[in-house]
Amino acid sequence: YAHLLAETPSLPRRALRPEYDRIAWRADPAGLAAWREGRTGYPLVDAGMRELAAAGTMPNRVRMVTASFLVKDLLIDWRAGERHFRRLLLDGDVPQNVGNWQWVAGTGPDAAPWFRVFNPVTQSRAHDPGGRYLRRWLPELSDLDDTAVHAPWEAPPAALATAGAVLGDTYPRPIVDHAAARTRALAAYGRARERA
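Residues numbered from 1 in each chain as written. Predicted model: local features only at pLDDT ≥ 70, side-chain atom pairs only at ≥ 80, totals over all residues. Heavy atoms only, no water.

1. Thoughts on the overall build of the protein chain
Helix and strand content of the protein chain: 10 helices and 0 strands. Each helix and strand of the protein chain, ordered N terminal to C terminal, gives the series α-α-α-α-α-α-α-α-α-α. Relative to a compact globule of 196 residues, whose C-alpha radius of gyration would be 16 Å, the protein chain shows 17 Å and is just as compact. Counting only residues that meet the buried cut, the protein chain has 51% of its 196 residues in that class. Carbon and sulfur atoms make up 53% of the accessible area of the protein chain, which amounts to about 9100 Å² in all. Between the centroid of the 26 positive side chains of the protein chain and the centroid of its 22 negative side chains there is a distance of 5 Å. (Helix = DSSP H or I, 4+ residues; strand = E, 2+ residues; numbered from the N terminus. Rg over C-alpha atoms; globule rule 2.2 N^0.38 Å. Buried < 20%, exposed > 50% of the residue type's maximum accessible area, 1.4 Å probe, protein only. Areas by Shrake-Rupley, 256 points an atom, 1.4 Å probe, with all protein chains shown as cover. Lys, Arg positive; Asp, Glu negative; His and termini not counted. Charge placed at Lys NZ, Arg CZ, Asp CG, Glu CD.)

And the structure:
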C-alpha cells in the first residue's frame, strides 16, 4: 500500500477504481455517530468500536467487520471511517489504513471485492463462539448465554430479562437490518458500475 500511495497520492481522497466514486453514499450523521460510539446494536461492531476508542486498537478481523458495517450496512462513505480509524489507531499508518479501507469498500486494487459484505453475527459466532471478546467490551451483555450474546435481539424475552439486558435501554436495538442493508449496498454498487 505504501507503493500504491506513492504512485497514486490521491488515494486518501479518491477511489482507486474511479467508477466507485459514483456510489451514492448516504448522509447519515446518526448512523455514523452510533458506529463511532459502539451503539449500532451489533455486538461485534460495538465491541470493536469501543475497544478502538478506549485502547486505540482492535483485532484485524474486527477491523474488517466494523469497516464493512460502516460502508456496506450503513452505506456511509469509506473515507469517513478511514479518517476516524486514522485518528484513533495507535498503529495508524496512512498507506495501510487507506489501502485496507479501500479493500473493504471494494474501491481499491482487488479483483472484485465490491460484493463482499461481512455479516457481523456470522463473523462473531465463527471467530468468538464463547463471546469472550464481546463480554470484555460490552459488559451490559455479559450475562447473556453464548448464543444470545452475538445477537441479543434474537434472544427470548425471558433470557434478556434474566441477564438484565433491555434492548433499546441498556443495549441498543440494531440500527439497520443486515439482510436489507446488504441488498441496498449491492444495488448502490451495481448502479455505480453500470454508469462506468
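Following the structure, the description resumes.
2. Examining the layout of surface pockets
By volume, the largest pocket is sized at about 240 Å³. What lines the largest pocket is a set of 15 residues, and nearest its centre among them are Asn-60, Arg-63, Gln-96, Asn-97 and Asn-100. Mapped by element, the contributors of at least two residues to the lining of the largest pocket are helix H4 (60-73) and helix H6 (94-105). Tallied by class, residues from the lining of the largest pocket come to 7 nonpolar, 5 polar and 3 charged. (1 Å grid on protein atoms, 1.4 Å probe; cavity = no way out; pocket = protein on both sides within 12 Å on 5 of 7 lines; lining within 4 Å. Points joined across faces, edges and corners; volume = space filled by probe spheres on them. Nonpolar A, V, L, I, M, F, W, Y, C, P; charged D, E, K, R; others polar.)

3. Description of the nonpolar core
Trp-35, Phe-85, Trp-101, Tyr-133 and Tyr-189 are the most contacted members of the largest nonpolar core, which totals 58 residues. For this core, the element with the highest residue contribution is H4, accounting for 7 residues. Residues in contact with Trp-101, not counting those within four places in the same chain, are Trp-35, Ala-67, Leu-70, Val-71, Trp-78, Gly-81, Glu-82 and Phe-85. (Core = buried A, V, L, I, M, F, W, Y, C linked by side-chain atoms within 4.5 Å. Contact = heavy atoms within 4.5 Å.)

4. Some remarks on the pattern of salt bridges
In total, this model carries 11 salt bridges according to the counting rule given. Between Asp-21 and Arg-14 there is a salt bridge; the shortest N-O distance is 3.4 Å. The class for Asp-21 is partly exposed, based on a relative accessible area of 23%. Owing to a relative accessible area of 46%, Arg-14 belongs among the partly exposed residues under this scheme. The residue Arg-125 makes a salt bridge to Glu-154 at a minimum N-O spacing of 3.1 Å. Pair noted here: Arg-125 is in helix H7 (residues 120-127) and Glu-154 is in the loop between helix H8 (132-137) and helix H9 (157-163), with a separation of 29 residues, a long-range link. Judged by relative accessible area, Arg-125 falls into the partly exposed class, the value being 32%. Salt bridges linked by common partners bring Arg-14, Asp-21, Asp-77 and Arg-79 together as one network. (Salt bridge = Lys/Arg side-chain N within 4 Å of Asp/Glu carboxyl O.)

5. Thoughts on the side chain of Asp-73
Of note, Asp-73 is situated in helix H4. Each residue touching Asp-73, except ones within four places of it in the same chain, is listed here: Ser-68, Val-117, Phe-118, Val-176, His-178, Ala-181 and Arg-184.

6. A closer look at helix H2 (residues 29-37)
Taken together, the buried positions of H2 are occupied by Gly-31, Leu-32, Ala-34 and Trp-35. Looking straight down H2, one finds its buried side chains confined to an arc of 160 degrees; they lie on one side. Exposed side chains of H2 directed beyond 90 degrees from the buried face belong to Pro-29 and Ala-30. Elements that come into contact with the buried residues of H2 comprise helix H3 (43-55), H4, helix H5 (78-88) and H6. (Arc of directions from axis to C-beta.)

7. Focus on the packing of H4 against H7
H7 packs onto H4 with a crossing angle of 170 degrees between their chain directions and a minimal axis gap of 10 Å. Judged by the angle between their axes, H4 and H7 are roughly antiparallel. Here H4 contributes Arg-61, Val-65 and Phe-69 to the contact with H7, which in turn contributes Pro-120, Gln-123 and His-127. Residue composition of the contact of H4 with H7, grouped by class: 3 nonpolar, 2 polar and 1 charged. (Axes fitted to C-alpha atoms, helices over the stretch in contact; angles between N-to-C directions. Parallel < 35°, antiparallel > 145°, perpendicular 65-115°, else oblique.)

Take it as geometry only, folks, not as evidence of what the structure does.
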